[in-house]
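Examining the three-dimensional arrangement
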Amino acid sequence: MKILKIILIVVVVIVAIPLVGALFVKGEFAVTRSITINKPKQDVFGYIVMLKNQNNFSKWAQMDPAMKKEYKGTDGTVGFVSAWESDNKDVGMGEQEIKKITDGERIDYELRFKKPMNVTNNAYMATEAVTPAQTKVTWSFNGKMPYPLNFMGVFMNMEELVGKDLEIGLNNLKGIMEK
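Residues numbered from 1 in each chain as written. Predicted model: local features only at pLDDT ≥ 70, side-chain atom pairs only at ≥ 80, totals over all residues. Heavy atoms only, no water.

Quick notes on unusual backbone geometry
The amide bond that connects Lys115 to the next residue, Pro116, takes the cis arrangement and shows omega of 5 degrees. For Pro116, the position within the fold is in the loop between strand E5 (106–115) and strand E6 (119–131). (Helix = DSSP H or I, 4+ residues; strand = E, 2+ residues; numbered from the N terminus.)

Here's what the structure looks like:
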């Protein structure tokens, strides 16, 4: 009986530590990366405002060539939705909706992940003229990990994980635009 009591106490402590720890772990995150592309701003913006074009440069869109894709609305306009579903657990299932467009400047998206986790985050892509023939593109991803999932932030560096993927996507975009 004494061993059972000790096992129960150990189990309670093992469960309690992450739950209590999650109270002190920041749940919000923001990851931003930028790149300069040797093309005029209007050319770059005209390409990135079309959400379907992310299939050509986003690392996430290229992780599963067999992923099922579905589109709703008119691409390049507020309300357009790009949905995906994959058997690859790293891709999962979700959708991305254009929420706001500041013409020639910025596109804001809402990302609704459904699998492997049900969570909603935000992202944007912005363009800024560096010179008449060069454009700085900024891609940002931000969100909140709800309690108690925010405890994973202790072990997962979102800046590093998501940042690498944004850099890959931006480098792919640069390659496409400068071809």
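Structure's up, so let's keep going.
Quick look at helix H2 (residues 41–48)
Where H2 is concerned, the buried positions are Lys41, Val44, Phe45, Tyr47 and Ile48. Here the buried residues of H2 occupy an arc of 160 degrees about the axis, which is enough to place them on one side. (Buried < 20%, exposed > 50% of the residue type's maximum accessible area, 1.4 Å probe, protein only. Arc of directions from axis to C-beta.)

Some words on the sheet that holds strand E7 (residues 134–144)
Adjacent strands of a sheet form backbone hydrogen bonds with each other and so pair up, either parallel or antiparallel. Here 7 strands make up an open sheet; going across it, the order is E1-E7-E6-E5-E4-E3-E2 and the pairing antiparallel. The open sheet has two edge strands with one neighbour each: strand E1 (28–37) and strand E2 (68–72). Neighbour-to-neighbour, the strand axes of this sheet turn through a mean angle of 20 degrees, independent of strand direction. Relative to the sheet, H2 contacts E1, strand E4 (93–102), E5, E6 and E7, its axis offset from that of E6 by approximately 160 degrees. (Pairing = 2+ DSSP bridges. Axes fitted to C-alpha atoms, helices over the stretch in contact; angles between N-to-C directions. Contact = heavy atoms within 4.5 Å.)

Topic: the pairing of E5
Here 9 bridges tie E4 to E5, and the two strands are oriented antiparallel to one another. Across the sheet, the residue bridging to Ile101 is Ile107, located in E5. Hairpin geometry of E4 and E5 is characterised by an intervening segment of 3 residues between the two adjacent antiparallel strands and by a positive phi of about 75 degrees at Gly104. Bridge analysis of E5 against E6 gives 8 bridges, and the strand direction is antiparallel. Pairing of Arg106 across the sheet is with Ala126, part of E6. Count of turn residues in the E5/E6 antiparallel hairpin: 3 residues.

Here we look at the pattern of salt bridges
Under the definition given, this model contains 12 salt bridges. Here Lys72 and Glu95 are joined by a salt bridge, their closest N and O atoms 3.9 Å apart. Of this pair, Lys72 sits in strand E2 while Glu95 sits in strand E4, and the two are 23 residues apart along the sequence. We classify Lys72 as partly exposed; its relative accessible area is 41%. In this structure, the salt-bridge partner of Arg112 is Glu110, at a minimum N-O distance of 2.5 Å. Neither Arg112 nor Glu110 differs from the other in exposure class; each is buried. A single salt-bridge network, built from bridges that share partners, covers Lys72, Glu95, Glu97, Lys99, Glu110, Arg112 and Lys114. (Salt bridge = Lys/Arg side-chain N within 4 Å of Asp/Glu carboxyl O.)

Notes on the nonpolar core
In terms of nonpolar packing, the biggest core is built from 27 residues, with Met125, Val137 and Leu173 touching the most fellow members. Elements with a minimum of two residues in this core: E1, H2, E5, E6, E7 and helix H4 (158–177). Ranked by residues supplied to this core, first place goes to H4 with 5 residues. The residues contacting Val137, other than those within four sequence positions of it, are Arg33, Ser34, Ile35, Ile37, Val44, Met125, Ala126, Thr127, Leu170 and Leu173. (Core = buried A, V, L, I, M, F, W, Y, C linked by side-chain atoms within 4.5 Å.)

Brief notes about the side chain of Asp64
With respect to the helices and strands, Asp64 occurs in the loop between helix H3 (54–57) and E2. For the buried Asp64, no salt bridge exists, and the shortest N-O distance to an oppositely charged side chain is 8.8 Å, to Lys69. Once residues within four sequence positions are removed from consideration, Asp64 is found in contact with Ser86, Asp87, Asn88 and Val91. (Lys, Arg positive; Asp, Glu negative; His and termini not counted.)

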